[in-house]
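Working through the structure, step by step
So you can see what is in the structure, the chains are spelled out below.
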Amino acid sequence: MQQSYNYLAATGKLHYNMTNDYMFRMVLQRDKETLINLISSVLGIPRDEILDVKIENTVEPGKSVDNKEFQMDILVLLNDNTYINLEMQVLNYNNWPMRSLSYLCRRFDNVARGQDYSMVKPVYHIGFLDFTLFEDHPEFCGIYQIRNIKDNYQYTDKFNLYVIELNHTDLATKQDKANHINDWARLFKATTWEEIKMITKDNPSMNSAAESIYLSNADISILEQCRAREDAIAHEAHQKKVIADLKRDLNEANKRIEEKSKQLEDAGKTIAKDKEAIAEKDATIAQLQAKIEALENKK
């Protein structure tokens, strides 16, 4: 019997899509099949090779999240032997490379006491960013590892960092499209049910994801926390802009002070030169007067 999906009857705008990090977490936490399919697509792992996924830092749906005490990344244990960190980020704090590496290094330190370091579990950090990470190097799906800079020889395949820029689906490669990573990006950014139905029409495996989005959008307690997260992000964005504006104003003020100081310095040099010239003229006049007086005394 074919499963029926509530989202197929939905129309109009979503309350919140998956670029809201709370909605992102709730959707992936609600439906294991969605989480499995997403990991399968991004990492290029055949679906039948994923036996189990377990979220190790679950959040009770609708429970409030304090930014100071809680991070919105999702820590997944794949097949009991691989750690995957998933994170949605829409605001650019200009620190993503260091932040993502910090998260990845924490997960890489997973060898139990007494075990040999060869037993370390592979780790992946997958960041979904709704901004361009490197302005001089835009890319849809970037994969970073530790490699020899001389010949690109791989140091280890257990330390992996993925960056997926949701605003650059136009740069998706053939492999990205074959793995449907671009379709996931479109699903995350979809703002209407019509868009979602268009995406799932060509990707039936995303039906469960769409249904999870629908059910999460129908949960009032989840919507309240999504709104709280949007308010927090809007506040952070405003604070970031205020700080940037103040820094710009300070830099401009410093430039004006430097220019004024230079003008005063130049003016001071001019005055000093003028005083020196006047002193030389006074000395010359004094000498001439002395000669005149000497000549007059001889008469």
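Here the structure is a predicted model, which means the values were calculated and not measured. (Residues numbered from 1 in each chain as written. Predicted model: local features only at pLDDT ≥ 70, side-chain atom pairs only at ≥ 80, totals over all residues. Heavy atoms only, no water.)

1. Brief notes about the side chain of D73
Under the convention used in this document: Runs of E in the DSSP output that reach at least two residues are strands. Runs of H or I that reach at least four are helices, and both are numbered from the N terminus. In protein, a polar contact means a hydrogen-donor-capable atom and an acceptor-capable atom, both N or O and within 3.5 Å, with residues adjacent in sequence counting only if both atoms are side-chain atoms; elsewhere, any N or O pair within 3.5 Å suffices.
Position of D73 relative to the elements: it lies in the loop between β1 (53-55) and β2 (74-78). There is a polar contact of 3.4 Å between the side chain of D73 and the side chain of R107.

2. So, the side chain of T19
Formally: Contacts are residue-level and defined by heavy atoms, with any inter-residue pair within 4.5 Å sufficient.
Checked against the element boundaries, T19 lands in the segment before α1 (21-30). Within the structure, T19 has its side chain in polar contact with the side chain of N17 (distance 2.6 Å). Apart from the residues within four sequence positions on either side, T19 is in contact with M88, V90, D130, L166, F188 and K189.

3. Points about the nonpolar core
We apply this condition: Take the buried residues of types Ala, Val, Leu, Ile, Met, Phe, Trp, Tyr and Cys, join any two whose side-chain atoms come within 4.5 Å, and each joined set is a nonpolar core. Under the scheme applied here, a residue whose accessible area is under 20% of the maximum for its type counts as buried, over 50% as exposed, and between as partly exposed, the area being computed with a 1.4 Å probe on protein chains only.
Counting residues in hydrophobic clusters, the biggest one holds 54 residues, and the most contacted among them are L86 and F128. Leaving out residues up to four positions away in the same chain, L86 has contacts with F24, L28, L35, M72, D73, I74, V76, I126 and F128.

4. Here's the deal with the sheet that holds β1
Applicable threshold: By this definition, two strands are paired if DSSP reports at least two bridges between them. Lines fitted to C-alpha atoms define the axes here, with helix axes fitted over just the stretch in contact, and angles between the N-to-C directions of these axes take values from 0 to 180 degrees.
Spatially, six strands are ordered β1-β2-β3-β4-β6-β5 in an open sheet, and the strand pairing comes out mixed. Across the chains shown, the open sheet's two edge strands, defined by having one partner strand only, are β1 and β5 (141-144). Adjacent strand axes in the sheet meet at a mean angle of 20° when their direction is disregarded. Both strand β3 (residues 82-89) and strand β4 (residues 123-129) contribute to a ladder of seven bridges, which runs parallel. When the sheet's bridge partners are listed, I84 is paired in β4 with Y124. Along the sheet face, α1 touches β1, β2, β3 and β4 and points at about 145° away from the line of β3.

5. Quick notes on unusual backbone geometry
The residue D80 is not glycine, and still its phi comes out positive at about 60°. Relative to the helices and strands, D80 resides in the loop between β2 and β3. By relative accessible area, D80 is classed as exposed at 56%. Positive phi, normally seen in glycine, also occurs at N152, with a value near 70°. Tracing the backbone through its elements, the reader meets N152 in the loop between β5 and β6 (159-165).

6. Considering the environment of K201
Counting through the fold element by element, K201 comes out in helix α6 (residues 193-202). Separated by 45 residues in the primary sequence, K201 and L246 place their C-alpha atoms 49 Å from one another.

7. Here we look at the pattern of salt bridges
Rule in force here: In what follows, salt bridge is the name for a side-chain nitrogen of Lys or Arg lying within 4 Å of a carboxyl oxygen of Asp or Glu.
Within this structure, the stated rule accounts for seven salt bridges. Across the pair R47 and E33 runs a salt bridge, and its minimum N-O distance is 3.1 Å. On the criterion of sequence distance, the pair formed by R47 in the loop between α2 (32-43) and β1 and E33 in helix α2 is long-range, its members being 14 residues apart. One salt bridge connects D183 with R186, and the closest N-O pair in it is separated by 2.8 Å. Taken as a pair, D183 and R186 lie in helix α5 (residues 181-189) at a separation of three residues, close to a single helical turn. Residue classification places D183 among the buried residues on the basis of a relative accessible area of 9%. Looking at R186, the relative accessible area reads 36%, which means it is partly exposed.

Read these as spatial facts, not as claims about activity.
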